[in-house]
Amino acid sequence: QVQLVESGGGLVQAGGSLRLSCAASGLTFSSYAMGWFRQAPGKEREFVSVIVRGGTTLYVDSVKGRFFTSRDDAKNTVYLQMNSLKPEDTAVYYCGAFTEGNYYSTTSYGYWGQGTQVTVSS
């Protein structure tokens, strides 16, 4: 059974940093591209970043230069380092394992974690 478990969310002031982790089990982790999405209240879940096999990363424009995704295949874990946080980054953050399609679409991810709340105060 595939499980993705996010951690590391919390409350932080604007300008601060957080590092999210997503620990995976039940799948051959190194074979999957891993994505991060977020969902703010009243909004649809949106793409944040993805890291593919080999380490290539893609980011939504709004987080470029502030957020950085990495992975440790030995630990079956993907990370999202979030710096210079803004109030508009407030959302529940989800990690997903990419199965097929395009990296930017939620429907392309066959497995999801339960999410972790990130709240950025102004």
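Residues numbered from 1 in each chain as written. Predicted model: local features only at pLDDT ≥ 70, side-chain atom pairs only at ≥ 80, totals over all residues. Heavy atoms only, no water.

(A) Here's a closer look at the overall build of the chain. Looking only at helices and strands, one finds zero helices and 11 strands in the chain. Each helix and strand of the chain, placed in order from N terminus to C terminus, yields the pattern β-β-β-β-β-β-β-β-β-β-β. Taken against the 2.2 N^0.38 rule, which gives 14 Å for 122 residues, the C-alpha radius of gyration of the chain at 13 Å falls within 12% of a compact globule. On the principal axes, the C-alpha backbone points of the chain span a range of 40 × 30 × 25 Å. Among the 122 residues that make up the chain, the fraction classed as buried is 43%. A fraction of 56% describes how many contacts in the chain between residues 6 or more apart in sequence connect residues 24 or more apart. For the chain, the distance from the average site of its 10 positive side-chain charges to the average site of its 9 negative ones is 4 Å. (Helix = DSSP H or I, 4+ residues; strand = E, 2+ residues; numbered from the N terminus. Rg over C-alpha atoms; globule rule 2.2 N^0.38 Å. Buried < 20%, exposed > 50% of the residue type's maximum accessible area, 1.4 Å probe, protein only. Contact = heavy atoms within 4.5 Å. Lys, Arg positive; Asp, Glu negative; His and termini not counted. Charge placed at Lys NZ, Arg CZ, Asp CG, Glu CD.)

(B) Structural context of the packing of aromatic side chains. Summed over all chains, the structure comprises eight aromatic pairs. Look at F98 and Y103: their rings are 4.6 Å apart centre to centre, the planes differ by 50 degrees, and that puts the pair in the tilted class. Centre to centre, the rings of F98 and Y109 are 5.6 Å apart; their planes meet at 75 degrees, and the pair counts as edge-to-face. Of the two residues, F98 is situated in strand β9 (residues 91–98) and Y109 in strand β10 (residues 109–112); the sequence distance between them amounts to 11 residues. Given the relative accessible area of 4%, Y109 is considered buried. Every member of this aromatic cluster is reached through a ring pair, and the members are F37, F47, F98, Y103, Y104, Y109 and W112. Above the ring of W112, the side-chain terminus of R45 is found at 4.8 Å from the ring centroid. For the cation-ring pair, R71 lies above F29, with the distance from its terminal atom to the ring centre recorded as 4.6 Å. (Phe/Tyr/Trp six-rings, centres within 6.5 Å; stacked < 30°, edge-to-face > 60°. Lys NZ or Arg CZ within 6 Å of the ring centre and 35° of its normal.)

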